[in-house]
Amino acid sequence: MTQRCDWLINNLRLATLAEGGQAYGAIQNAALALHGDRILYAGPEKDLPDLAAARQLDGGGRWATPGLVDCHTHLVFGGSRACEFEQRLLGASYEEIARSGGGILSTVQATRAATEDELFDSARARLLRLIAEGVTTVEIKSGYGLTLADETKMLQVARRLGEELPVDVRTTFLGAHALPPEFGTANDYIDALCGDWLPAVAGAGLADAVDVFCEGVGFTPGQCERVFQRAGELGLPIKAHAEQLSDLKGARLAARYGALSADHLEYLAADDVPALAASGTVAVLLPGAFYYLREQQLPPIGTLRQSAVPMAVATDLNPGTSPMASLLSAMNQACVLFRLSPEESLRGATHNGARALGLQDRGQLLAGQRADILLWDIDTPAALSYALNYYRPGGRFVAGEYYDAS
């Protein structure tokens with residue numbers, strides 16, 4: 001029986017990233033069939049079912065991969081912190097800059113002063129750079145407003161970006177990012193977050209998840225736990241910045257509450273890795289921040305690997321500690337700095353990145369998955385982690401919609 005499809009793409013090599021089997025889940029002499037926003041068929045061309053395709057595309061022997069997923073960004077913000085970059089190079093630590101009024105709070109001031117349109121225009125430019133490299137799903141956090149009105153403004157900008165650009169935007173409320181100057185104590189601020197802000201954000205449908213910064217210059221595990229509890233009551237999944245600068249057991253706390261992800265993890269203790277494995281919490285690696293802060297403490301990659309904890313890779317695009325709008329560069333850094341394999345890195349920026357956002361419908365080239373697909377003029381998928389600023393997709397599908405690179 002003949003099946004209808006919207007697109008038939010033949011003469012491909014597929015990096016399906018299916019589990020087991022060939023490296024990268026590779027299939028040579030392959031084809032893809034798409035119907036609506038879903039993959040109808042992904043496999044050997046010789047095994048294609050009987051299809052009537054509305055449109056056909058010759059893949060030209062290119063490699064097809066899933067669309068890239070940048071699962072941790074802070075790309076909506078005002079101002080710049082290039083001067084702090086210079087200060088760090090001259091010897092100031094991240095904590096010293098933060099405690100002297102710089103760091104996150106300097107971006108808060110600039111973000112509060114910016115209009116929604118100004119934030120949109122600057123974020124749009126950054127997001128277009130990610131899209132050009134093949135990002136089809138991106139997470140955007142708030143956290144630079146630190147008033148309910150300004151956090152709402154940031155989340156509205158993020159939603160608008162997803163409406164106006166060919167990318168799926170997932171939003172995360174990061175009110176627990178830093179203590180704003182209007183509050184005397186962190187506990188008072190957490191009271192406001194849990195009592196008023198979180199219900200308002202959830203009620204407006206502006207957040208897909210809730211995040212915290214569990215760190216000495218952020219919030220204590222006890223304060224973060226209160227946020228997790230309130231998010232759970234409101235039906236919002238949770239994430240955590242954890243063990244970036246010290247070991248406060250934020251990742252263990254996140255795992256106990258079934259967090260989607262624990263992110264950074266340079267100071268994660270090997271003894272805490274089994275908790276992540278048991279909860280299914282994704283370890284999000286952010287090598288850009290490691291690079292910019294000139295960190296020396298590596299995440300326990302070997303233990304995470306041995307415990308089968310899924311590892312995602314993301315840019316952490318932000319103005320202070322990872323001003324990097326390139327997920328391909330983050331993939332390279334994950335290999336060079338953290339010793340991931342190119343296959344682990346690509347899986348981290350696709351399938352595991354999607355899992356870190358609670359998305360099970362993308363990140364692999366399999367029937368039934370969302371049709372987010374990139375076509376690359378490369379000899380091997382390892383090339384995507386190998387070279388800096390070499391490659392851009394020659395064509396891409398976002399939810400089944402085709403965009404030619406020209």
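Basis of the calculations
Residues numbered from 1 in each chain as written. Predicted model: local features only at pLDDT ≥ 70, side-chain atom pairs only at ≥ 80, totals over all residues. Heavy atoms only, no water. Axes fitted to C-alpha atoms, helices over the stretch in contact; angles between N-to-C directions. Helix = DSSP H or I, 4+ residues; strand = E, 2+ residues; numbered from the N terminus. Parallel < 35°, antiparallel > 145°, perpendicular 65-115°, else oblique. Left-handed = near helix turned anticlockwise from the far one by under 90°. Contact = heavy atoms within 4.5 Å. Nonpolar A, V, L, I, M, F, W, Y, C, P; charged D, E, K, R; others polar. Pairing = 2+ DSSP bridges. Domains from an automatic or database assignment. Buried area = accessible area lost by both parts, 1.4 Å probe. Core = buried A, V, L, I, M, F, W, Y, C linked by side-chain atoms within 4.5 Å. Buried < 20%, exposed > 50% of the residue type's maximum accessible area, 1.4 Å probe, protein only. UniProt positions renumbered as here; feature names shortened; annotations may be inferred. Polar contact = N/O pair within 3.5 Å; in protein donor to acceptor, adjacent residues only side chain to side chain. Expected span 1.5 Å × (residues − 1). Phe/Tyr/Trp six-rings, centres within 6.5 Å; stacked < 30°, edge-to-face > 60°. Lys NZ or Arg CZ within 6 Å of the ring centre and 35° of its normal.

Undergrad: Break down the packing of helix α5 (residues 148-164) against helix α6 (residues 186-203) for me, citing the residues and quoting the values.
TA: For the pair α5 and α6, the least separation of the axes is 11 Å and the interaxial angle reads 25°. Classified by the angle between their axes, α5 and α6 sit roughly parallel to one another. Read as a crossing pair, α5 and α6 show a hand that is right-handed. The residues of α6 that touch α5, namely those facing Leu148, Glu151 and Leu155, are Trp197, Ala200 and Val201. Grouping the amino acids of the contact of α5 with α6 by side-chain chemistry returns five nonpolar, no polar and one charged.

Undergrad: Describe the pairing of strand β3 (residues 38-44), listing the residues and the values that go with them.
TA: Pairing geometry for strand β2 (residues 26-35) and β3, over six bridges, is antiparallel. Residue pairing for β3: Leu32 is matched across the bridge by Ala42. What sits between β2 and β3 in their antiparallel hairpin is a turn of two residues, with Gly36 showing a positive phi close to 65°.

Undergrad: Please provide a residue-by-residue account of the domain arrangement of the protein, values included.
TA: For the protein, the domain assignment lists domain 1 (3-66 + 364-404) and domain 2 (68-356). The straight-line distance from the C-alpha centre of domain 1 to that of domain 2 is 30 Å. Taken together, the contact pairs 25 residues of domain 1 with 22 residues of domain 2. For the pairing of domain 1 and domain 2, the buried interface totals around 1,900 Å² over both sides, and the portion due to carbon and sulfur atoms is 59%. Looking only at domain 1, the three residues that lose the most surface to domain 2 are Leu17, Tyr24 and Ser385, adding up to 27% of its buried area.

Undergrad: An account of the nonpolar core is requested, with residue identities and associated values reported.
TA: Leu75, Val76, Leu127, Val138, Leu161 and Leu276 are the most contacted members of the largest nonpolar core, which totals 96 residues. For this core, the element with the highest residue contribution is α6, accounting for nine residues. When residues of this core are sorted by domain, at least three fall in each of domain 1 (3-66 + 364-404) and domain 2 (68-356). With near-sequence residues (within four places) excluded, Leu75 lies in contact with Ala123, Arg126, Leu127, Leu130, Val138, Ile140, Leu161 and Leu317.

Undergrad: Lay out the UniProt feature "binding site: Zn(2+)" (unreviewed entry) in the protein with the relevant residues and their values.
TA: As annotated by UniProt and renumbered to match this structure, "binding site: Zn(2+)" (unreviewed entry) occupies His72, His74, His241 and Asp316. What stands out for the annotated residues spanning 245 residues is how close their C-alpha atoms remain, the widest pair being 12.3 Å apart. Among the structural elements, His241 can be located in strand β10 (residues 239-242). For His241, the contacting residues outside a window of four places in its chain are His72, His74, Lys141, Leu174, Asp211, Val212, Phe213, Cys214, Asp263 and His264. Within the structure, His241 has its side chain in polar contact with the side chain of His74 (distance 3.4 Å). With respect to the helices and strands, the residue Asp316 is situated in the loop between β13 (311-313) and α12 (327-336). Classification of Asp316 by relative accessible area gives buried; the value is 2%. Among the polar contacts listed, one links the side chain of Asp316 to the side chain of His74, at a separation of 3.3 Å.

Undergrad: So what's going on with the pairing of β2? Residues and values would help.
TA: With six bridges connecting them, strand β1 (residues 3-15) and β2 associate as antiparallel partners. Opposite Leu8, over in β2, you have Ala33 as the bridge partner.

Undergrad: A description of the sheet that holds β13 should follow, citing residues and the corresponding values.
TA: For sheets, the rule is that strands pair by backbone hydrogen bonds, running either parallel or antiparallel. As summarised here, the arrangement of the eight strands in space is β6-β7-β8-β9-β10-β11-β12-β13, forming an open sheet in which the pairing is parallel. This sheet does not close on itself; its edge strands, each paired only once, are β6 (68-70) and β13. On average, adjacent strands in this sheet sit at an angle of 25° to one another, irrespective of strand direction. In this sheet, β13 lies alongside strand β12 (residues 282-285) in parallel orientation, the contact comprising three bridges. Directly across from Leu285, in β13, lies its bridge partner Val313. In the packing of α5 onto the sheet, the strands contacted are β7 (135-141) and β8 (168-176), and the crossing angle to β8 comes to about 170°.

Undergrad: An account of α5 is requested, with residue identities and associated values reported.
TA: Taking 1.5 Å of rise per residue, the 17 residues of α5 would be expected to cover 24 Å, and the 24 Å separating its terminal C-alpha atoms lies within 8% of that figure. Within α5, burial applies to Asp150, Glu151, Thr152, Lys153, Met154, Leu155, Val157, Ala158 and Leu161. Against the buried residues of α5 lie α3 (104-113), α4 (116-132), β7, β8 and α6.

Undergrad: Which residues make up the packing of aromatic side chains, and what values go with them?
TA: For the structure on display, the rule yields 14 aromatic pairs. Centre to centre, the rings of Phe77 and Tyr144 are 6.4 Å apart; their planes meet at 80°, and the pair counts as edge-to-face. Linking Phe77 in the loop between β6 and α1 (82-89) with Tyr144 in the loop between β7 and α5, this pair joins segments that are 67 residues apart in sequence. Among the aromatic side chains, those forming a connected cluster through ring pairs are Phe183, Tyr189, Trp197 and Phe219. Positioned above the aromatic ring of Phe77 is the side chain of Arg126, whose terminal nitrogen or guanidinium carbon lies 3.7 Å from the ring centre. The cationic tip of Arg160 hangs over the ring face of Phe120; the distance from NZ or CZ to the ring centre is 3.9 Å.

Undergrad: Account for unusual backbone geometry, naming residues and giving values.
TA: Positive phi values are uncommon outside glycine, yet Glu243 reaches one of about 55°. With respect to the element layout, Glu243 can be found in the loop between β10 and α8 (250-256). What makes Glu243 buried here is its relative accessible area of 0%. A positive phi angle, near 65°, is found at Lys249, a position not held by glycine. Structurally, Lys249 can be placed in the loop between β10 and α8. Exposure remark for Lys249: the relative accessible area of 35% places this residue in the partly exposed category.

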